[in-house]
Amino acid sequence: MLNIVLFGPPGAGKGTQSEMLIKEFNLVHLSTGDLLRNEISEKTSLGLKAKELMDSGMLVPDNVVIGMIESRLKNNIKSKGFIFDGFPRTSEQAIALDQLLDGNKQSISSMISLKVDDNELIRRLLERGKDSGRADDQSSEIIANRIKEYNNKTAPLKLYYSKQDKLKEISGLGTISEINDRINQVINKL
Ligand code: AMP
């Protein structure tokens, strides 16, 4: 199995690149942000609880996202592998993911981290907010909160994967296809 954590701050291009990679490598896309937005649009109790946190740019509790990932892993046990997009975001989530995969005799193949500076992230997210309708892409204040959450709780995961010798950092600047080429080069060497 090929199990890739596609990593980076909000606005780094994880969703766009994941869509390309699932076709190129025949993988299942697991985006906790998309799964949560689905719960919100279906007005489930989980969605209603998550909405307020998401709209203010804060992370939702670990047990919520870990539970969502656990059920998707079980349902796709025969797939060629997974792209984890926006998950894990805390060390508790990373540890839980390793344990879940280990239970199936699997592991993370690589964490590919997209590097983009803050000014470019803010520019991209405000631009995306014009058509996405996402509440969390609308204001510089909420975007700043999301970047702060990333720096405090999520960025340290690079150390977690680098200790396992799995971290590959690449530039997330340039065209979509240039970034896709860089990711492909990393995957093809695994
Ligand atoms: P995203 O689409 O990945 O930018 O996620 C949008 C929002 O969903 C985040 O700002 C969080 O509020 C929530 N979220 C998504 N994935 C996670 C996660 N792994 N852990 C906690 N919160 C998450």
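Now for a description of the structure that goes with this document.

The rules behind each value
Residues numbered from 1 in each chain as written. Predicted model: local features only at pLDDT ≥ 70, side-chain atom pairs only at ≥ 80, totals over all residues. Heavy atoms only, no water. Helix = DSSP H or I, 4+ residues; strand = E, 2+ residues; numbered from the N terminus. Rg over C-alpha atoms; globule rule 2.2 N^0.38 Å. Buried < 20%, exposed > 50% of the residue type's maximum accessible area, 1.4 Å probe, protein only. Areas by Shrake-Rupley, 256 points an atom, 1.4 Å probe, with all protein chains shown as cover. Lys, Arg positive; Asp, Glu negative; His and termini not counted. Charge placed at Lys NZ, Arg CZ, Asp CG, Glu CD. Pairing = 2+ DSSP bridges. Axes fitted to C-alpha atoms, helices over the stretch in contact; angles between N-to-C directions. Contact = heavy atoms within 4.5 Å. Near = heavy atom within 4 Å. Polar contact = N/O pair within 3.5 Å; in protein donor to acceptor, adjacent residues only side chain to side chain. Nonpolar A, V, L, I, M, F, W, Y, C, P; charged D, E, K, R; others polar.

1. Focus on the overall build of the protein
A tally of regular secondary structure across the protein gives nine helices and five strands. For a compact globule of 190 residues, the expected C-alpha radius of gyration is about 16 Å, and the protein comes in at 16 Å, within 12% of that figure. Projected onto the principal axes, the alpha-carbon positions of the protein cover approximately 40 × 40 × 30 Å. The proportion of buried residues among the 190 residues of the protein is 46%. Carbon together with sulfur atoms contributes 50% to the accessible area of the protein, which is approximately 9900 Å² in total. On the protein, the mean spot of the 27 positive side-chain charges and the mean spot of the 26 negative ones are 3 Å from each other.

2. Quick word on the sheet that holds strand E3 (residues 81-85)
Judged by pairing direction, the sheet is parallel, and its five strands sit side by side in the order E2-E3-E1-E4-E5 without closing on themselves. Both outer strands of the open sheet, strand E2 (28-31) and strand E5 (167-171), are each paired with one neighbouring strand and no more. Each adjacent strand pair in this sheet contributes to an overall mean axis angle of 20°, direction not counted. In this structure, E2 lies alongside E3, joined through four bridges in parallel fashion. In the strand pairing of E3, Val28 is matched with Phe82. Contacts between helix H9 (residues 176-188) and the sheet are confined to strand E1 (2-7), strand E4 (110-115) and E5, with E5 contributing the most and set at about 160° to the helix.

3. Digging into the site of the ligand
Around the ligand lies a shell of 16 residues, among which Thr32, Arg37, Met58, Gly86 and Gln93 are the nearest. Within the backbone of Gly86, an N or O atom sits 2.9 Å from a nitrogen atom of the ligand. A distance of 2.9 Å separates a nitrogen atom of the ligand from a polar atom in the side chain of Arg89. Considering the ligand on its own, with 480 Å² of exposed area, one finds that the protein chains cover 96% of that surface. Here the residues of the shell around the ligand sort into seven nonpolar, four polar and five charged.

So, to be careful, I would describe these as geometric facts and stop short of saying anything about function.
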